[in-house]
Amino acid sequence: MTIKLAALPPLSLYIHFPWCEKKCPYCDFNSHQIKDTGFDEARYLRALIQDLQTELPRIWGRKVQTIFIGGGTPSLISPAGIDWLLSSIRALVPLDPAAEITLEANPGSVEAAKFAAFAGTGINRISLGIQSFHDAQLQALGRIHNGNQARRAIEIAQTHFQAVNLDLMYALPQQTCADATVDLRTALAFNPTHLSLYHLTLEPNTLFASQPPVLPNEDDSDAIFENNLALLTDAGYARYEVSAYSKPQQACKHNLNYWQFGDYIGIGAGAHGKISLPHSITRQVRERHPETYMHAMETQGHALIETRELTPSEIPFEFMLNALRLTAGVATTSFAERTGLSLQTIGKEIERATAKGLLDSHPTTIKPTALGLQYLNDLQELFLKSP
C-alpha cells in the first residue's frame, strides 16, 4: 500500500523556546529553568534560523500560513530578538501576508511591559499562561505571578493585540467548583477572543508525579467541567476542540492546522515537525536540551535525532488522533486529501466507532459524538491498528 497526495496540505512553522524563569511542578514540556548566568539569546536565535535553513529544500516554494512561538516562556526573548527572528524568517520563506503569528507569554510584569514592542515586530496574537487568578492556587502550581499581575497583563495585552488567548487550568489542588467558577468568570470579564481550559493531570517525570498534591475527585472535576462549559456557552464561546473555546472566527489557526493534519516545520530544542511530499509523510524530532541543540547546529549543521517516514498503516491513526479532537470533526474527503489513502482503509473502524455511539453517522463528516469526546482516548484507540 502506497500513499498518493493530490495536493500538499497547509504549512505552519512552530518555534520552540526552551527556557523558563522557573520550572512548574506539573509541567512535562521541554522547558529548562534559566541559570543565574541567563541564556545566550543571540546564539539560540542564530541556531533557530540555521535550523530553518536546513528545511528549505523540503518545503521550497510553499507558503507558511501561521507561526507559533511556544515554550517555555518565549516572551523572555527581547523584542529586538523577536524582530530579528521574524525578519530572518520572512527572508527565507514566503509568509502569508495575513499569517497568524502567536507568541506565548507569562503574566510577569517584565514580560507584560514588552507587549507594545512585540506588537511592532509583527506578532498579532498573544497566548497568556494565566492558569488561575487565585493566589493560593498559583502558588500551589509553582507560578511566579499572582492574580493581580495576571489581570494587569491581560489589560496590557488587550491594549496592543486584538487576538488574546487565556490559558486556564482546572481541577487544581484543593479547588472547589466555586473556586473554578470564580476563575472562569474573572477571565470572561475581560472578554478575550479565545480561551484554553486544561484539566490538571499528573504527568510522568514531573515533581507532581513524585509528590502528588490532593486533587478533586473525578466526580468533582467532571462537575467543574460541566459548569465551565455552560458558562462559556452562555458567554458566546464555542467549544471547537477538546480544550479550546473561541468567539466566532477566532479559533487558533495554527492549532487547527495540527488537528486537521496539516504540515508544520518544527525548529528549536526538542521541536517536532511533520512534512508531506506527494508519496510520503515524515516526522522529525530535534535535540531536546538547549545546549546540545545549539552545539549540534554549530558543529554538524543540524540537530535532528529522529527522521521517520510514516508507514501507510500508521497514517490513519495519526490522522484520526488529531481530527477526532475537533468537536465539528472533519469532512470525510479530508481523509484522502491529507493521508493519500482511501477512506475504506478505516471503513471497519468507522463502523465500529459508530456502533458504539462514539462517532456520528453523518455520511460527509467524521465527527465525534458528545460521548466520543467524553471518552476520546477510547475512540482514538479504535483506529490504532496492530503492526
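Residues numbered from 1 in each chain as written. Predicted model: local features only at pLDDT ≥ 70, side-chain atom pairs only at ≥ 80, totals over all residues. Heavy atoms only, no water.

A. Fine view of the overall build of the chain. When helices and strands are tallied, the chain shows 16 helices and 16 strands. Relative to its length of 387 residues, the chain is compact, with a C-alpha radius of gyration of 21 Å against a globular reference of 21 Å. Expressed as a percentage of the 387 residues in the chain, the buried residues total 55%. Within the chain, counting contacts between residues at least 6 apart in sequence, those at least 24 apart form 73% of the total. Of the roughly 17300 Å² of accessible surface on the chain, 52% is carried by carbon and sulfur atoms. (Helix = DSSP H or I, 4+ residues; strand = E, 2+ residues; numbered from the N terminus. Rg over C-alpha atoms; globule rule 2.2 N^0.38 Å. Buried < 20%, exposed > 50% of the residue type's maximum accessible area, 1.4 Å probe, protein only. Contact = heavy atoms within 4.5 Å. Areas by Shrake-Rupley, 256 points an atom, 1.4 Å probe, with all protein chains shown as cover.)

B. Inspection of the pairing of strand β7 (residues 163-170) at higher detail. In terms of burial, β7 is a largely internal element, eight of the eight residues being buried. Sheet analysis places strand β6 (residues 125-131) next to β7, joined by six bridges and oriented parallel. Looking at the pairing, glutamine 131 lines up with leucine 168 of β7. Where β7 meets strand β8 (residues 194-199), six bridges bridge the pair, whose relative direction is parallel. Bridged to tyrosine 170 within β8 is histidine 199. (Pairing = 2+ DSSP bridges.)

C. How the structure looks around the packing of aromatic side chains. Within this structure, the stated rule accounts for 12 aromatic pairs. Plain terms: the ring middles of tyrosine 44 and tyrosine 293 are 5.7 Å apart, the flat faces sit at 50° to each other, and that makes the pair tilted. Of this pair, tyrosine 44 sits in helix α1 (residues 41-59) while tyrosine 293 is found in helix α11 (residues 290-300), placing the two residues 249 residues apart along the sequence. Of the two residues examined, tyrosine 44 and tyrosine 293, each falls in the buried class. The structure contains a cluster of three or more aromatic residues connected by ring pairs, namely Phe17, Trp19, Phe39, Tyr44 and Tyr293. The positively charged end of lysine 274 is found above the aromatic ring belonging to phenylalanine 261, 4.2 Å away from the centroid. (Phe/Tyr/Trp six-rings, centres within 6.5 Å; stacked < 30°, edge-to-face > 60°. Lys NZ or Arg CZ within 6 Å of the ring centre and 35° of its normal.)

D. Expanded view of the packing of α1 against α11. Where α1 meets α11, the axes come as close as 10 Å, and the angle between the chain directions of the two elements is 55°. In terms of orientation, α1 lies oblique with respect to α11. Where α1 crosses over α11, the handedness of that crossing is left-handed. Contact residues: Arg43, Tyr44, Ala47, Leu48, Gln50, Asp51 and Thr54 in α1; Glu291, Tyr293, Met294, His295, Met297 and Glu298 in α11. Here the contact of α1 with α11 is composed, by residue class, of six nonpolar, three polar and four charged. (Axes fitted to C-alpha atoms, helices over the stretch in contact; angles between N-to-C directions. Parallel < 35°, antiparallel > 145°, perpendicular 65-115°, else oblique. Left-handed = near helix turned anticlockwise from the far one by under 90°. Nonpolar A, V, L, I, M, F, W, Y, C, P; charged D, E, K, R; others polar.)

E. Here's a closer look at the side chain of asparagine 106. Relative to the elements of secondary structure, asparagine 106 occurs in the loop between β5 (95-105) and α3 (109-112). Within the structure, asparagine 106 has its side chain in polar contact with the side chain of threonine 73 (distance 3.2 Å). Excluding its chain neighbours within four sequence positions, the residues that come into contact with asparagine 106 are Thr73, Ser75, Glu111, Leu128, Gly129 and Arg143. (Polar contact = N/O pair within 3.5 Å; in protein donor to acceptor, adjacent residues only side chain to side chain.)

F. A look at helix α14 (residues 347-355). What α14 keeps buried is the set Gly347, Glu349, Ile350 and Ala353. The buried residues of α14 occupy an angular sector of 160° when the element is viewed end-on, so they sit on one face. In α14, the exposed residues that point more than 90 degrees away from the buried face are Lys348, Glu351 and Ala355. Those residues of α14 that are buried lie in contact with α16 (376-381). (Arc of directions from axis to C-beta.)

G. Representation of the state of the cysteines within the structure. Under the counting rule described, the total for this entry stands at zero disulfides. Cysteine 24 carries a free sulfur, and the closest cysteine sulfur to it, the one in cysteine 27, is 6.4 Å from it. Looking at cysteine 27, the relative accessible area reads 15%, which means it is buried. (Disulfide = S-S within 2.5 Å.)

H. Molecular detail of the environment of alanine 153. Within the secondary structure layout, alanine 153 lies in helix α6 (residues 147-160). Sequence separation between alanine 153 and alanine 105 is 48 residues, and the spatial gap between their C-alpha atoms is 9.5 Å. Beyond its immediate stretch of four places on either side in the chain, alanine 153 contacts Pro107, Ala112, Phe115 and Leu128.

I. Up close: the nonpolar core. Judged by nonpolar contacts, the single largest core of 70 residues is most densely connected at Ile67, Ile89, Ile123, Leu128 and Leu195. Look past the residues within four positions of leucine 195 in its chain and what remains in contact with it is Asn165, Leu166, Leu168, Leu184, Ala187, Leu188, Leu232, Tyr237, Ser243, Ala244 and Tyr245. (Core = buried A, V, L, I, M, F, W, Y, C linked by side-chain atoms within 4.5 Å.)

J. Structural view of helix α9 (residues 218-234). An ideal rise of 1.5 Å per residue puts 24 Å on 17 residues; α9 measures up with 24 Å between its terminal C-alpha atoms. Within the span of α9, buried status applies to Ser221, Ile224, Phe225, Asn228, Leu231 and Leu232. Looking straight down α9, one finds its buried side chains confined to an arc of 130°; they lie on one side. Exposed and oriented more than 90 degrees from the buried face of α9 are Asp219 and Asp234. Near the N-terminus of α9, the side chain that reaches the backbone nitrogen of aspartate 219, with its oxygen 3.2 Å away, is that of asparagine 217. Of the residues one or two after α9, glycine 236 is the one with positive phi, at around 90°. (Expected span 1.5 Å × (residues − 1).)

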